[in-house]
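Chain and residue survey
Here are the chains, one letter per residue:
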Amino acid sequence: MEAYVDDMLVKSLLVEEHPTDLEECFKTLRRFQSKLNPSKCAFGVSAGKFLGYIMHHHGIEVNPEKIKAILNMPTPRSIKEVQQLTGRIAALGRFLSRSAEKGLPFFKALSRTKDFVWDVGCQEAFNELKECLASPPVLTKPKMGEPLYLYLAVAEEAVSSVLVREENKRQRPVYYTSKRLSVAEAQYSPMEKLAFALIVSGRKLRPYFQAHSIIVLTDQPLRQILGKPELSGRMLKWSMELTTFDIEYRPRSAIKAQALADFIAEGFGLGEPLENSLGPWMLAMDGSSNSRGGGAGLMIKSPEGQSWLYALHFEFRVSNNEAEYEALIAGLRLAAQLGAKHLNIQSDSNLVVQHVKGEYEAREDHMSKYLVFVQELMSHFQSVKIEHVPRSQNMEADTLSRIASASFPTNSRQILIESLPQRSIDEMVEQLCLDLELSWMDHFVSYLKDGKLPESDLEAQELKMRAQKFILINEELYKRSFTQPLLKCVKPREADYVLREIHEGICGSHIGARTLYQKSLRQGV
């Protein structure tokens, strides 16, 4: 308002009318004075109240009158008084860390309309709320173009977030958000709740997400989960919605502000990774080979207690030791896809266990190749422990491997089933040849991974524009799509195999070119 009034005066006095005498200047000032309220006009103010908040050079503070309204509020005695309390909490939501979680006892009291009871839990939450409001945080305004950091917290019945910026290596809050979960949303898995917290933040703080690069600080495998091409349902919808923002995921570092430290420490599942707080992932594996074929059985268990059974059938002849290595490789790949960082492996093959531990030397050529491949996969985890167990303690994986090697089942609702067409070490050599093959994808991969651009300015500008439609996930290039999930980009040799398999493979239909193209897209390629 001050800048507007000042600008109007300058235009009127110096630009529009160019007054030549003092009398005309006074006439112009009187004209403005008759239209403006002097009590509402102030110049050079260092601090003041604006839109119900206290604005000054340090940032934005909550109105002390709104805080006093809660601090001086007596203990609610009726439904109406609790409604007044929740309304006042909502007005201070951007200043309150995990406001929905703090207000859960009040919302539960409101649900008991007929027999209202203000119990001990409500009184403790009321006292805790007053303690938090005794020293409210000061929110800061982000600068144009600077990256902002987002912390997420998940509770059983609420999700919360805080947007922060760094100033002189100090983290300062910009905005707090929080949402109470509905009955259906409370049934989400912890990882789905974490993704939902990010979605809630993106919708609530859309102006910040559109104007700044957002760095999500979390130790959970959120990027890997949202980046999976085979997502479906609500996770696919959320993943597509988040692609409209510039979001980067980084491991959570040390907290540099006490208010933020309290926010993270009291969050559910965010202070440490789930696998750190509940234990590592468990993998039980076994391989089997007989005259009718070979197979592998896996049972992987998450820190929360969820378990998955996995059967693998080999379309090639293997020895018992080779089957054990194939089972180990499949288990490591599956654990990596599920986002495990710490893994404990149980196997009843003493030879494979001692090879991995380095106690035995792998002398055979194919055994040494398997060992190198296993060590490469294990390097992607933060920690891997492998131990030898008796077969009696590995019955589930042993049974699955025998079933898969004896007769390959074609359908199962409880067991994930896959057929392996070739040895993993042969696949590794073939993949190396594909990596050396030149294709149209190389420029996009180099730019997205290392920021490399062509020497020509015109080609560099065109590459930047086209690269916005692509994303790099686990060294794999995918193309964004509005109506379909992420489409995997393949090299010429892989594309030839995909087209031939769809056109004339075991389920081929010898379809035309246009239909073949559309069917390939539906397969996610």
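Structure: above.
**A closer look at the sheet that holds strand β15 (residues 470–473)**
- Taken together, the three strands give an open sheet; going across it, the order is β15-β16-β17, and neighbouring strands pair in antiparallel fashion. The sheet terminates laterally at β15 and β17 (487–488), the two strands that pair on one side only.
- Across four bridges, the pairing between β15 and strand β16 (residues 476–479) is antiparallel. Paired with Ile-473 across the two strands is Glu-476, which belongs to β16.
- In the packing of helix α19 (residues 442–450) onto the sheet, the strands contacted are β15 and β16, and the crossing angle to β15 comes to about 65°.

**Remarks on the pattern of salt bridges**
- Applying the stated criterion across every chain yields a total of 10 salt bridges.
- Note that Lys-108 is salt-bridged to Glu-157, the shortest N-O span being 3.2 Å. Within this pair, whereas Lys-108 is found in helix α6 (residues 104–111), its partner Glu-157 is found in the loop between β4 (148–154) and β5 (158–167), the two being separated by 49 residues in sequence.
- Classification of Lys-108 as partly exposed rests on a relative accessible area of 37%.
- Across the pair Glu-185 and Lys-179 runs a salt bridge, and its minimum N-O distance is 3.2 Å.
- Residue Glu-185 is classed as buried on the basis of its relative accessible area, which comes to 15%.
- What makes Lys-179 partly exposed here is its relative accessible area of 29%.
- One salt-bridge network, in which partners are shared between bridges, spans Glu-146, Arg-165, Glu-167 and Arg-172.

**Details of the packing of aromatic side chains**
- For the coordinates displayed, the defined rule picks out nine aromatic pairs.
- Residues Trp-118 and Phe-126 carry aromatic rings whose centres are separated by 6.0 Å and whose planes lie at 85° to one another, so their mutual orientation is edge-to-face. Grouping residues by exposure puts Trp-118 and Phe-126 together as buried.
- Ring centres 6.3 Å apart and planes at 65° place the aromatic pair Tyr-175 and Tyr-208 in the edge-to-face group. Of the two residues, Tyr-175 is situated in strand β6 (residues 170–180) and Tyr-208 in helix α9 (residues 206–211); the sequence distance between them amounts to 33 residues.

**Considerations on unusual backbone geometry**
- For Arg-98, which is not glycine, the phi dihedral falls at a positive 55°.
- Within the fold, Arg-98 resides in the loop between α4 (79–91) and α5 (99–102).
- For Arg-98, a relative accessible area of 5% puts it in the buried group.

**A short note on helix α20 (residues 457–467)**
- Taken together, the buried positions of α20 are Ala-460, Leu-463 and Ala-467. One face of α20 carries all of its buried residues, which in axial projection span an arc of 60°. Turned more than 90 degrees away from the buried face of α20 sit Asp-457, Leu-458, Gln-461 and Met-465, all of them exposed.
- In the core, the buried residues of α20 are packed alongside α19 and β15.

**Quick look at the sheet that holds β4**
- Pairing within the open sheet is mixed, and its five strands lie in the order β6-β5-β4-β7-β8. The sheet terminates laterally at β6 and β8 (247–250), the two strands that pair on one side only. Recorded for the sheet is a direction-independent mean angle of 25° between the axes of neighbouring strands.
- Inspection of the sheet shows strand β7 (residues 214–217) paired to β8 by four bridges, in the parallel sense. Each residue of the ladder has a partner; that of Leu-217, found in β8, is Arg-250.

**Focus on the environment of Ala-362**
- Relative to the assigned elements, Ala-362 resides in the loop between α15 (350–357) and α16 (365–378).
- For Ala-362, a relative accessible area of 15% corresponds to the buried category.
- Separated by 11 residues in the primary sequence, Ala-362 and Leu-351 place their C-alpha atoms 9.3 Å from one another.
- Not counting residues up to four positions away in its chain, the partners in contact with Ala-362 are His-355, Met-367, Ser-368 and Leu-371.

Thresholds applied
Residues numbered from 1 in each chain as written. Predicted model: local features only at pLDDT ≥ 70, side-chain atom pairs only at ≥ 80, totals over all residues. Heavy atoms only, no water. Pairing = 2+ DSSP bridges. Helix = DSSP H or I, 4+ residues; strand = E, 2+ residues; numbered from the N terminus. Contact = heavy atoms within 4.5 Å. Axes fitted to C-alpha atoms, helices over the stretch in contact; angles between N-to-C directions. Salt bridge = Lys/Arg side-chain N within 4 Å of Asp/Glu carboxyl O. Buried < 20%, exposed > 50% of the residue type's maximum accessible area, 1.4 Å probe, protein only. Phe/Tyr/Trp six-rings, centres within 6.5 Å; stacked < 30°, edge-to-face > 60°. Arc of directions from axis to C-beta.

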